[in-house]
Amino acid sequence: MQPTDVTPVWFMRQAGRYLPEYRTLRQKHSLLELCHKPELAAQITLQPVERLGVDAAILFADILLPFEPLGLGLSFSAGEGPQITRPIREAGQVLDLPPVDPATDLAYVIEAARAAARALPPHVPLIGFAGAPFTLASYAIEGGATRTFALTKRFMYTEPRAWHELMQRFAELVGGYLAAQARAGARALQLFDSWVGCLSPADYATYVFPHSQRALELAGASGVPVIHFGTDTATLLVDFARAGGDVIGVDWRVPLDVAWERVGSSPARAIQGNLDPVALLAPRPELERQVREVLAHAGGRPGHIFNLGHGVLPETPVEALQAVVEWVHGG
Ligand code: CP3
């Protein structure tokens, strides 16, 4: 951990639909096309840096891209989010998944990382990312968005061996994928376990922990700091942090000082978070109050990275994000 002059700030989904310059590109290309073209992906990665003055750029890609070389079939439809055309519903399908080498099968993402890292000003690091084994498994099994995670949990409880096989496959895949992004110039890596909060602490320990730990170990071996992010993790935080990560990303459902206590200080960890993205839609005085509250809960401890508790919503005004950056930087 190194000292900084001001609290650093960046936003999850800072590249995306709330930005007019992104929407212009999106009129001409589908989301997958933008991801597949390294020059465009690199350009989009830089857009929020110029607009918002954030302290880091996150690579423009999607956590579900590895589903293409895995043969699961991936598409995005307007309003419905991701759709997986050949979801995993039976144990036998897990053993039939083809081997994936991220450096070649996802070469276009690595190329985008290289181009973005080269184009960014030296004081703005590039963050690479991947989905965590649980969040990937939930999409692979459900085939799209879900409220209950019923198919995922049923698979986990009914086919525990195939479940662990699948989680192992994802852990090795994303570990190698993150390391390849670091070699291409990413100076930090984030593992997104966006939906892990649907689990009980006991199920997290049994079905997820060892696999997140493996993915984080492989990512960490690349030598760059790793951010371990999840939502709704308040009751999981002790084990979630034990799984690894130099930085633990938390959402607004747990105050930062409480999170810090649960995460513990041995080893010393940084914490990332945790403004509610919906606060960006509030009147300016309420937004400012909430930003200052997050900073107060961080209490000037070393290792606070300001972020939202989850991604920027498409209806967010650009000026609200600009104001947050100013306040966090001491304005
Ligand atoms: O700025 C950035 O954060 C970088 C790019 C990024 C995208 N997806 C681009 C994207 C990142 C980091 C992601 C991660 C991602 N993708 C996650 C983990 C983070 C999270 O939000 O929990 C997840 C679960 C996904 C899967 C995914 N991709 C969903 C559920 C959706 C639909 C969401 C919606 O609001 O409709 C996507 C599509 C997607 N990925 C968009 C962007 C900018 C919006 C789609 C568009 O341009 O049409």
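We now turn to the structure provided with this report. (Residues numbered from 1 in each chain as written. Predicted model: local features only at pLDDT ≥ 70, side-chain atom pairs only at ≥ 80, totals over all residues. Heavy atoms only, no water.)

## Here we look at the pattern of salt bridges
Evaluation of the coordinates by the stated rule reveals 10 salt bridges. A salt bridge links Asp251 to Arg253, with the shortest nitrogen-to-oxygen separation between them at 2.3 Å. You can call Asp251 buried: its relative accessible area is 1%. A residue is classified by how much of its surface remains accessible, and Arg253, at 44% relative accessible area, is partly exposed. With a shortest N-O distance of 3.0 Å, Glu286 and Arg289 are connected by a salt bridge. Of this pair, Glu286 and Arg289 both sit in helix α13 (residues 284-298), separated by three residues, roughly a single helical turn. A cluster of three or more residues bridged by salt bridges with shared partners is formed by Glu172, Arg214 and Glu217. (Salt bridge = Lys/Arg side-chain N within 4 Å of Asp/Glu carboxyl O. Buried < 20%, exposed > 50% of the residue type's maximum accessible area, 1.4 Å probe, protein only. Helix = DSSP H or I, 4+ residues; strand = E, 2+ residues; numbered from the N terminus.)

## Overview of the packing of aromatic side chains
Counted by the stated rule, this structure contains seven aromatic pairs. Here the aromatic rings of Tyr22 and Phe60 are separated by 5.6 Å at their centres, their planes lie at 55 degrees, and the arrangement is tilted. Of this pair, Tyr22 sits in helix α1 (residues 20-28) while Phe60 sits in the loop between β1 (57-58) and β2 (74-77), and the two are 38 residues apart along the sequence. Both residues of the pair, Tyr22 and Phe60, belong to the buried class. Ring geometry for Phe192 against Phe229: centres 5.6 Å apart, planes inclined by 75 degrees, an arrangement best described as edge-to-face. Remark: Phe229 occurs in strand β6 (residues 226-230) and Phe192 occurs in strand β5 (residues 188-193); sequence separation between them is 37 residues. For Phe192, a relative accessible area of 12% corresponds to the buried category. These aromatic residues form a ring-pair network of at least three members: Phe129, Phe192 and Phe229. (Phe/Tyr/Trp six-rings, centres within 6.5 Å; stacked < 30°, edge-to-face > 60°.)

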